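Examination of the molecular architecture
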Amino acid sequence: MTARLLDGRALARAIENSLRDEAATFTGMFHRRPRLVVVLVGDLAASASYVKGKQQAAERVGVDSEVIRVAAAATTDSLVTLVRAIAAGSHGPADGILVQLPLPEHVDAVAVLDAVPPERDVDGFHPENAGLLSQGRPRFIPCTAAGVQRMLLDAGIETAGRHAVIVGRSDIVGKPLALLLAAKGRGGDATVTLCHSRSEDLADHCRRADILVAAVGRPRLVTADMVKPGAAVIDVGINRIDEAGGSRLVGDVDFDAVKEVAEWISPVPGGVGPLTVAMLLANTLLAAELRS
Ligand code: NDP
């Protein structure tokens, strides 16, 4: 069997098309475009490339964006002050404020993220937004988790009553996704198992999954023998590996082997990544609408 491909790139473009209409309506009503301000600390090539992708997508949709670049030596205090200043309007209207992760190790990332006002927290990382999500009344849902759920919904993959196994329990992906899939209602009602580095018999848990999500950051962690025939496998991981002809991006799933077992599979690149960006823009529009 060869699995059906979950094409995140195509879905993201479709979402962008409807966001473009929404942004145009907003601009017509309020005589300004929705606006996203991004803080980029340091010079990590991967972060710069993610931010560029976000800016390009914002432009396609009709959302203004500004990137504030800060040296890697910035202190926690200076970043907290900067985020507060942005919220106060120092860099123009800021419907959404995003601090690109990871921050340098010497920075207290929690303190910086907590400085983003919850009503502009388009990444959905503020404790208020995490709390609302956990209570089943989400406002800003972390973008990657929202993207995975959207991918399942769009493909018509039933979640209700099915067993979803998520590998990875980070605050930005695994944990919010577990909450989303376990929540009551459309795209939820799943029975969720959340695995991590201390889980025993990981392969055994994975083999019981109707929906298997890998969000770890380890190339080929999920092998074909860990997948139930007919499962939907969503690969969140982004890993750069070096090969003879150069380097390339791979996910956490052994794609070539797993596609022969699964019914659905998302590729890397071109799977969850583009949806994460689309969901960020959806959150930015929501923030702009809530503020106006
Ligand atoms: P984190 O490093 O914050 O979390 C990784 C999780 O994986 C942790 O819960 C960790 O367990 C768990 N883990 C590590 N090793 C194992 C193992 N051998 N077996 C089982 N679980 C393990 O990563 P993120 O959640 O931020 O990101 C995960 C991956 O997703 C990365 O590759 C990242 O680049 C990618 N990513 C992709 C996005 C996209 O848009 N496609 C967006 C965000 C991230 P423990 O908690 O015990 O340490």
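Going by the structure above, here's the rest.
About the cut-offs
Starting afresh in each chain, residues are numbered from 1 along the sequence in its written order. The predicted origin of the model limits local features to residues at a pLDDT of at least 70 and limits the giving and counting of side-chain atom pairs to 80 or more, whereas totals for whole chains, interfaces and linings rest on all residues. Side-chain descriptors were evaluated using all non-hydrogen atoms of the structure, hydrogens and water having been removed beforehand. Per the convention used, a helix needs a DSSP run of H or I reaching at least four residues, while a strand needs a run of E reaching at least two, with both numbered from the N terminus. Note that the radius of gyration is over C-alpha atoms, with the globule rule given as 2.2 Å times the number of residues to the power 0.38. The buried label applies to any residue whose accessible area, calculated with a 1.4 Å probe on protein chains only, is under 20% of its type's maximum; exposed applies above 50%, and partly exposed to all values in between. When checking whether two residues touch, look at their non-hydrogen atoms; a contact exists if any pair is within 4.5 Å. Where accessible areas are quoted, they stem from the Shrake-Rupley method and a 1.4 Å probe; at the residue level, only the protein chains shown are allowed to cover. For the purpose of charge, His is not counted, nor are the chain termini; Lys and Arg are scored as positive and Asp and Glu as negative. Each charge is placed at NZ for Lys, CZ for Arg, CG for Asp and CD for Glu. Here a pair means two rings of Phe, Tyr or Trp (six-membered ring of Trp) with centres within 6.5 Å. Their orientation is stacked below 30 degrees between planes, edge-to-face above 60, and tilted elsewhere. Whether a residue is near a molecule or strand is decided by its heavy atoms; if any one of them lies within 4 Å of it, the residue is near. N or O atoms closer than or at 3.5 Å make up a polar contact, with two conditions inside protein: a donor-capable atom paired with an acceptor-capable one, and, for residues adjacent in sequence, both atoms drawn from side chains. What makes two strands pair is DSSP finding at least two bridges between them. If the strands point away from the viewer and the path from the first strand over the helix to the second runs clockwise, then the crossover is right-handed. Definition used for salt bridges: Asp or Glu carboxyl oxygen within 4 Å of a side-chain nitrogen of Lys or Arg. By convention a nonpolar core is built from buried Ala, Val, Leu, Ile, Met, Phe, Trp, Tyr and Cys residues, the set being connected through side-chain atoms within 4.5 Å. For helices, the axis comes from a line fit to the C-alpha atoms of the stretch in contact; other axes are also lines fit to C-alpha atoms, and the angle between any two N-to-C directions lies between 0 and 180 degrees. Working definition: roughly parallel below 35 degrees, roughly antiparallel above 145 degrees, roughly perpendicular at 65 to 115 degrees, and oblique for all remaining angles. By definition, turning the near helix anticlockwise from the far helix through less than a right angle yields a left-handed crossing, and turning it clockwise yields a right-handed one. When residues are sorted by character, Ala, Val, Leu, Ile, Met, Phe, Trp, Tyr, Cys and Pro go into the nonpolar class, Asp, Glu, Lys and Arg into the charged class, and all the rest, Gly among them, into the polar class.

**Let's talk about the overall build of the chain**
- Across its full length, the chain holds ten helices and eleven strands.
- Taking 19 Å as the expected radius of gyration for a compact globule of 292 residues, we find that the chain reaches 19 Å, a close match to that expectation.
- If one aligns the C-alpha atoms of the chain with their principal axes, the spans along those axes are about 55 × 40 × 40 Å.
- With 292 residues in all, the chain has 48% of them scored as buried.
- In the chain, of all internal contacts separated by at least 6 residues, the share reaching a separation of at least 24 is 70%.
- Total accessible area on the chain is roughly 13400 Å²; 52% of this is exposed by carbon and sulfur atoms.
- Charge separation in the chain, taken as the distance between the mean sites of 31 positive and 35 negative side-chain charges, equals 2 Å.

**Quick look at the packing of aromatic side chains**
- Applying the stated criterion across every chain, the model contains one aromatic pair.
- Arranged with centres 4.8 Å apart and planes meeting at 40°, the rings of F26 and F30 form a pair that is tilted. In this pair, F26 and F30 are both assigned in helix α1 (residues 8-30), four residues apart and thus about one turn of the helix distant.
- Look at F30 and you get partly exposed, because its relative accessible area is 33%.

**Here's the deal with the site of the ligand**
- Surveying the vicinity of the ligand reveals 22 residues, the closest of which are R169, S170, S197, I238 and T276.
- Between an oxygen atom of the ligand and a side-chain N or O atom of S170, the distance comes to 2.6 Å.
- Starting from 940 Å² of accessible surface for the ligand in isolation, the protein chains cover 70%.
- Among the elements that line the shell around the ligand, the one with the most residues is helix α10 (residues 272-291), at three residues.

**Re the pairing of strand β9 (residues 239-243)**
- As paired strands, β9 and strand β10 (residues 246-250) are joined by five bridges and run antiparallel to one another. Bridge pairing links D242 to S247 in β10.
- The hairpin formed by β9 and β10 contains two residues between the paired strands.

**Notes on the pairing of strand β5 (residues 163-167)**
- Among the five residues of β5, five are classified as buried, and the element is accordingly described as predominantly covered.
- Where β5 meets strand β6 (residues 191-195), five bridges bridge the pair, whose relative direction is parallel. Its bridge partner being in β6, I166 is matched across the sheet by L194.
- In this fold, the crossover linking β5 to β6 by way of helix α7 (residues 174-182) has right-handed handedness.
- Of the strand pairs in this sheet, β5 and strand β7 (residues 211-214) are connected by four bridges, and their pairing is parallel. Within β7, the residue paired with A164 across the bridge is I211.

**Let's talk about the environment of Q149**
- With respect to the secondary-structure elements, Q149 resides in helix α6 (residues 143-155).
- A sequence separation of 13 residues divides Q149 from G136, and the C-alpha atoms of the two residues are 15 Å apart.
- Discounting residues that sit within four places of it in the chain, Q149 has contacts with L177, L180, R186, G187 and G188.
- Within the local environment of Q149, its side chain forms a polar contact with the backbone oxygen of G187, the two atoms lying 2.9 Å apart.

**Some details on the pattern of salt bridges**
- By the definition in use, this model includes 16 salt bridges.
- Between R33 and D64 there is a salt bridge, with the nearest N and O atoms lying 2.9 Å from each other. Taken together, the residues R33 in the loop between α1 and β2 (35-41) and D64 in strand β3 (residues 64-70) connect sequence positions 31 residues apart.
- Here D64 falls in the partly exposed class, since its relative accessible area comes to 27%.
- Ionic pairing is found between R220 and D254, a salt bridge with its closest N-O pair at 4.0 Å. Pair noted here: R220 is in the loop between β7 and β8 (232-235) and D254 is in the loop between β10 and α9 (255-258), with a separation of 34 residues, a long-range link.
- Overlapping salt bridges, with partners in common, bring together R13, E16 and R60 in one network.

**Structural notes on the nonpolar core**
- Among the nonpolar cores identified, the biggest contains 51 residues, and V148, V213 and I234 are the most heavily contacted of them.
- Looking at which element gives the most residues to this core, the answer is α10, with nine residues.
- Setting aside its immediate chain neighbours within four residues, V148 contacts L177, V213, I234, V236 and V272.
- Counting residues in hydrophobic clusters, the runner-up holds 22 residues, among them V70, I97, V99 and A115.

**Overview of the packing of α1 against α10**
- Where α1 contacts α10, the axes come no closer than 9 Å and their chain directions differ by 15°. Here α1 lies roughly parallel to α10, going by the angle between them. Where α1 crosses over α10, the two elements pack in a sense that is left-handed. Residue-level inspection shows G8, R9, L11, A12, I15, L19, E22, A23 and F26 of α1 in contact with α10, the latter providing P274, L275, A278, M279, L281, A282, L285, A288 and E289.
- Here the residues of the contact of α1 with α10 are counted per class, giving 14 nonpolar, one polar and three charged.

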